[in-house]
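Residue-level structure breakdown
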Amino acid sequence: MIQLQHLNPTEADTALHRLDPRVKLIVALSLILITGLMPSGAFGAYIALFALMMAEAIIARVSPVLVVARSLAVLPFSLAAVTLIFTGPEPYLAALPVTGWPISEPGLVQCVSIVFKSLISVQAAILLIATTHFTTLLWAMSSLRIPGVLVAIISFMYRYLFLLADEAARLSRARDSRSAVPAGSPVTARSLIFRARTTGRMIGSLLVRAFERSERVYNAMLSRGYTGAPMQIDPPQLCPRDVLIGLIPVLIAASLLAISLII
Amino acid sequence: MHHTIEVENLTYTYPGGHQALIDVSLSVGPDERVALVGPNGAGKSTLMLHLNGIYRPTSGQVTVGGLPVTDDNIGQIRAWVGLVFQNPDDQLFNPRVFDDVAFGPLHMALPEEEVRRRVDAALDAVGMQDYADHISHHLSLGQKKRVAIATVLSMHPKILVLDEPTAGLDPRARRSLINLLDSMERTMLTATHDMRLVADLFTRVVILDNSRVAADGPTGDILSDGALLTEHGLEAP
Amino acid sequence: MSPILSAPPAPPPMHAPDGFFSVWLSIAGWIITLVMVGLAIRNTRSQLGERQIPLMGIVGAAIFAGQMLNFTIPGGTSGHLLGGTLAAIILGPWASVLVMTAVVVVQGLLFQDGGLLVMGINIINMGIITSFVGYFTYRHVKKLFKDSRGGMLAGAFAGAWLSLIVTSAFAAVELAVSGTSPMGIALPAMVGVHSLIGVGEGLLTVFALSFIFATRPDLLTGEAAPGQKAAGWVLTGLLLALAITLFAPLASPYSDGLERIAEAFAEPSEVEIAPVGFAVPEEAVFNGKFGESPYEILPDYTVPFLGESGASTIVAGMIGVLIVFGTAVGLATLTRVRKKEELST
């Protein structure tokens, strides 16, 4: 099970925290894009990119250890790429004992490359969210032409997510405290259906409550003059200095990409 | 004349057939403070939703500040009547405090500077001036209730309509909220079960029971009429 | 403070991090997603009016919270809801697309559960495919049983189960096309695992739905959702695209990946004969191209008018998928326009 904890932006007030969120969003996406375009097996470039992320973390006064530790959450997904090791072409490095599957060198390189690239990408995303509040990201998204309705829906979701998550946690505790089938007991078909029924009803009740709440919220919106169109204060002008700062990591990463494509 | 509410022979039937209000008449004068009391399900909330046109009468009429509640007047009336809902989590639907307080002024198409000025003033009025950038979810219930009031104050309402303002608050938060409401000189109509709040703050009481107005009179008279209170499931403070 | 939330322990293909899908596929995913979200916004506006934003936002939060409720299933793991089918049954397929998009965006941005560049693909897998497959299966099964309550529940189960099967097949194809996992392994593994996980999804959807049906049947507005014909075309497009990518390889004489891998596993010593079609020229491997070209899993896959180079094959494959999809969306829009004309005359 992947355990992830919701990351809040750190309290520090660094150059990265102050950078325009639109710039940060685009820089993070560009870094991920460049990482994705890196050729397989360019380990020198991967290490340089990793160093770039760590440098950003230090500038933002976010613990590099935390960034790395949190990025490791992608590892379970690597299973999808592990097959490459045994299905890749020659040359083979060795054969696995017992099964005798051959370990393909290009397959291994490819697999490790995917995992490295994935780790670097998620580190870029972590740095984004560790230096930018989600509400700031929301206005950045809408001023970057993501449809306003979608951004408004996401904003509502963010607002009520924790409320409903608390509700779900309460329901879950209530279920466990009077559950006829203890959590660790062996699962039979009958108990499986029983468990699914309990959980399914909880989900149903969450949805019913969400519907009812949305009606009340809608009334509250109408009372304050809502007419159906999302509205917000115009975002401030993009400052050229912020764009220049944002260009630095992108240019470094892009030159790394250029170098590793040439070599 | 902006500060009055006139409800004449209001009857409201829900689409399912339930009659929530039957022949309700009520008038609130300028700067008057009226408490609306009565058991759950008596129709208090339904009545309040009529005061800014979210619900429309099945029969009868609602007039606010001399204007009948119709589609043509709805924008004006919603700016005049500040409706504060019982659960602040319904009222505060933006992640950030600032955006919620700015919601009303933005929808009144005010210029940005004026919106910011009003947000500051409204948060200041409820003693939450340092919380503009806070996340509503992280506030205490008492703080949320204050911000909820600020979200309508920023629209400069002539009339405040509050649903259960003190429900769920601990004694200290309750007292400070009562002091806040007391400091506001506005026409005020408040639905509540809190009879001590009624005694402290309101000059007039309207009892709503079983979809009808059961009594309407000065607070002193109503609260001293034990038989009347008992008949409608209420208790003297 | 905010509570500690554990992200839903999603099955592997569902919240893919960046790096596992090729860049070009990811960009194509974003384009498709943006088009679909645009259509969904238009369609739901007419359905839900001004309620659109609060309703979908809060239902999205409920789906997210619902995903956190685990229940134990055999094998020491726990099942949980994905919710695309449930949302589509309740609100209609287009509204469900928006709800699930919001869910995926928040999971990716706030919880790093799913990458940013691959977010388009994740939205297609978890939001678009599940919504349409689930919804249509539900509708048709329900009609088959003459709209009885049992038929409704059977439809919900079938829809939820099938939605996971189809989306896992898509994920497998996407992994294979990206060179991350050979089709011969990814497809049976993904579909196999999800045919089990789908049972959990089906049960949860059924029980959640029957709870809503018992308490607030008036809330099930999905029945009246607009743009159903349009949605039908989208679904057709999606399935055609999948069929083409899946069965094109099978038509080729060398590419029976499943059989090949079976042989390889049975007789490890003979594995030298290019296991699972990784008959990539070695130069390609060392040029760093290995794994980026989808149809190298099919060495003799040729597109006559485009030549045989790896790059053109990728482009061809992607264009093909996009054309099929675009046609579907185009037809969808046409249907809409015609319907409007009918209404206005």
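As shown above, the structure is provided for reference.
For the structure given in this document, a descriptive report is provided here. (Residues numbered from 1 in each chain as written. Chains lettered and ligands numbered in written order. Predicted model: local features only at pLDDT ≥ 70, side-chain atom pairs only at ≥ 80, totals over all residues. Heavy atoms only, no water.)

**Focus on the overall build of chain B**
Rules: To qualify as a helix, a DSSP run of H or I must reach at least 4 residues; to qualify as a strand, a run of E must reach at least 2; elements of each kind are numbered from the N terminus. Only C-alpha atoms enter the radius of gyration, while the globule expectation follows 2.2 Å times N to the 0.38, with N the number of residues. We call a residue buried when its accessible area falls under 20% of the maximum for its residue type, exposed when it is over 50%, and partly exposed in between, using a 1.4 Å probe and counting protein chains only. Any pair of residues with heavy atoms lying within 4.5 Å of one another is described as a contacting pair. Here the accessible surface of atoms and residues is derived via Shrake-Rupley with a 1.4 Å probe, and residues count as covered only by protein chains that are part of the display.
When helices and strands are tallied, chain B shows ten helices and ten strands. Taken against the 2.2 N^0.38 rule, which gives 18 Å for 237 residues, the C-alpha radius of gyration of chain B at 18 Å falls within 12% of a compact globule. Put simply, chain B has 237 residues, and 57% of those count as buried. Sequence-distant contacts in chain B: of pairs separated by 6 or more residues, those separated by 24 or more amount to 64%. A total of about 9500 Å² of accessible surface is found on chain B, and carbon and sulfur atoms cover 46% of it.

**Looking at the environment of Met202 of chain A**
Assignment of secondary structure puts Met202 of chain A in helix H9 (residues 189-223). Assessed through its relative accessible area of 7%, Met202 of chain A is described here as buried. Separated by 174 residues in sequence, Met202 of chain A and Ala28 of chain A place their C-alpha atoms 38 Å apart. For Met202 of chain A, the residues in contact, after removing those within four places along its chain, are Leu171, Ser172 and Arg175 of chain A together with Leu69 of chain C.

**Let's talk about the interface of chain B and chain A**
Rules: Here the quantity called buried area is the total loss of accessible area, with a 1.4 Å probe, experienced by two parts when brought into contact, counted for both. By salt bridge we mean one thing: a side-chain nitrogen of Lys or Arg within 4 Å of a carboxyl oxygen of Asp or Glu. N or O atoms within 3.5 Å of each other form a polar contact, as long as, within protein, one can give a hydrogen and the other can take it, and as long as residues adjacent in sequence are counted only when both atoms are side-chain atoms.
Contacts between the two partners involve 30 residues from chain B, matched on the other side by 27 residues from chain A. Carbon and sulfur atoms supply 61% of the area buried between chain B and chain A, which totals about 2500 Å² over both sides. Remark: the boundary between chain B and chain A carries four salt bridges. Of the charged contacts in the structure, one is a salt bridge between Asp90 of chain B and Arg216 of chain A, with a shortest N-O distance of 2.5 Å. In this assembly, chain B and chain A are joined by ten residue pairs in polar contact (both at pLDDT 80 or more).

**Description of the packing of helix H3 (residues 84-91) of chain C against helix H7 (residues 183-215) of chain C**
Residue and element names in this part refer to chain C. Heads up, the condition is: Orientation is described by lines fitted to C-alpha atoms, with helices fitted over the stretch in contact, and by angles between N-to-C directions that extend from 0 to 180 degrees. Note on terminology: angles under 35 degrees are roughly parallel, angles over 145 are roughly antiparallel, angles of 65 to 115 are roughly perpendicular, and the others are oblique. Two helices cross in a left-handed way if the nearer one is turned anticlockwise from the farther one by less than a right angle. They cross in a right-handed way if the turn is clockwise. Charged means Asp, Glu, Lys or Arg here, nonpolar means Ala, Val, Leu, Ile, Met, Phe, Trp, Tyr, Cys or Pro, and polar covers whatever is left, Gly included.
For the pair H3 and H7, the least separation of the axes is 9 Å and the interaxial angle reads 30 degrees. What the angle tells us is that H3 and H7 run roughly parallel. Crossing angle aside, the handedness with which H3 passes H7 is right-handed. Note on element contacts: H7 touches H3 through Glu201, Thr205, Ala208, Leu209 and Ile212, opposite Gly84, Thr85, Leu86, Ile89 and Ile90. Among the residues making up the contact of H3 with H7, the classes are represented as six nonpolar, three polar and one charged.

**A few points about the packing of helix H4 (residues 64-71) of chain A against helix H6 (residues 105-131) of chain A**
Residues and elements named next belong to chain A. With their axes 9 Å apart at the nearest point, H4 and H6 run at an angle of 125 degrees to one another. Classed by the angle they form, the pair H4 and H6 counts as oblique. The handedness of the crossing between H4 and H6 is right-handed. Of H6, the residues touching H4 (which contributes Val67, Val68, Arg70 and Ser71) are Leu119, Val122, Gln123, Ile126 and Leu127. When the residues that make up the contact of H4 with H6 are grouped by side-chain class, the tally is six nonpolar, two polar and one charged.

**Structural notes on the pattern of salt bridges**
When their charged atoms lie close together, side chains carrying opposite charge are able to pair. Scanning the model with the defined rule gives 24 salt bridges over all chains in all. Where Arg18 of chain A meets Asp13 of chain A, a salt bridge forms, and the shortest distance between an N and an O atom there is 3.4 Å. Using a relative accessible area of 53% as the deciding quantity, one classes Arg18 of chain A as exposed. Residue Arg175 of chain B pairs with Asp200 of chain B through a salt bridge whose shortest N-O separation is 3.1 Å. Remark: Asp200 of chain B occurs in helix H8 (residues 195-201) and Arg175 of chain B occurs in helix H7 (residues 171-182); sequence separation between them is 25 residues. When salt bridges with common partners are traced through the structure, they connect Arg159 of chain A together with Asp89 and Lys144 of chain B into a single cluster.

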